Amino acid sequence: MAKLSDLIENFIKTMINDGDAKIIIQRNELANKFNCAPSQINYVLTTRFTLERGYQIESRRGGGGYITIFRIENSTIKLKELLLAKIGNSITFNNALDIIKNLLDKGYISEREYIIIKTVICDRSLSSNISDKNIIRANLLKNILFVILNLGDD
């Protein structure tokens, strides 16, 4: 049996895939549809519809509040800006994995490139203290992706 979070995620993705790259939903209506608390909808949105996974969310609170979910259609410039913003000057291994998994899922990198990048940026490959690892990982990740994706220097 599928978890509720998976069902909600798949429902939202189906809505996005059936229409434009943007949908508008009301948190309470979606919670009623799945017979769950609105916080469950928030959880799905914040964990499954992130920039690293190719989505942007805008939220308007209040009685008539709604959530707009955009699927990001990356041009080369937008892709470079997104990668620079999400990687930043320091990145954890798990956040880096989300980014390269998204690039793999969208066909920007191959399975082989994914495995190589994952191996290069893992903690075992970086012999330094913890804070330095995240800085080194960010620099490596940006440089590797910019070469593979032909995005030029940062």
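Just above, that's the structure.
All residue numbers refer to positions counted from 1 along the written sequence of the respective chain. Restriction of local features to residues with pLDDT of at least 70 applies here, the model being predicted, together with a cutoff of 80 or more for giving and counting side-chain atom pairs; totals for whole chains, interfaces and linings are based on all residues. Side-chain metrics rest on all non-hydrogen atoms present in the structure, leaving aside hydrogens and water.

1. Details of the nonpolar core
In globular proteins that are soluble, nonpolar side chains generally tend to be buried together.
Step number 1: Nonpolar core, defined: a set of buried Ala, Val, Leu, Ile, Met, Phe, Trp, Tyr and Cys residues in which side-chain atoms within 4.5 Å join the residues together. Under the scheme applied here, a residue whose accessible area is under 20% of the maximum for its type counts as buried, over 50% as exposed, and between as partly exposed, the area being computed with a 1.4 Å probe on protein chains only. Within the largest apolar cluster, 20 residues are counted, with the highest numbers of intra-cluster contacts made by L83, I100, I109, L141 and L145.
Step number 2: A helix here means a DSSP run of H or I that spans at least four residues, while a strand means a run of E at least two residues long, and both kinds are numbered starting from the N terminus. Looking at this core, the elements that each hand over two or more residues are helix 4 (76-87), helix 5 (93-105), helix 6 (111-121) and helix 7 (130-148).
Step number 3: Here the element with the most residues in this core is helix 5; it accounts for 6 residues.
Step number 4: Only heavy atoms enter the contact rule, under which two residues are in contact if any of them lie within 4.5 Å. If near-sequence neighbours (up to four positions away) are discounted, L141 is found in contact with I87, I91, A96, I100, I117 and I121.
Step number 5: Residues I16, C36, I41 and I69 belong to the second largest nonpolar core, which totals 16 residues.

2. A look at the packing of helix 5 against helix 6
Step number 1: Relative to each other, helix 5 and helix 6 sit at 170°, their axes nearing to 10 Å. What the angle tells us is that helix 5 and helix 6 run roughly antiparallel. For the pair helix 5 and helix 6, contact is made by F93, A96, L97, I100, K101 and L104 and by E111, Y114, I117, K118 and I121, respectively.
Step number 2: For this classification, Asp, Glu, Lys and Arg are treated as charged, while Ala, Val, Leu, Ile, Met, Phe, Trp, Tyr, Cys and Pro are nonpolar and the rest, including Gly, are polar. Class assignment of the residues belonging to the contact of helix 5 with helix 6 gives a composition of 8 nonpolar, no polar and 3 charged. Interaxial angle, 0 to 180 degrees, is taken between N-to-C directions of lines fitted to C-alpha atoms, where a helix line uses only the stretch in contact. Roughly parallel means an angle under 35 degrees; roughly antiparallel means over 145; roughly perpendicular covers 65 to 115; every other angle is labelled oblique.

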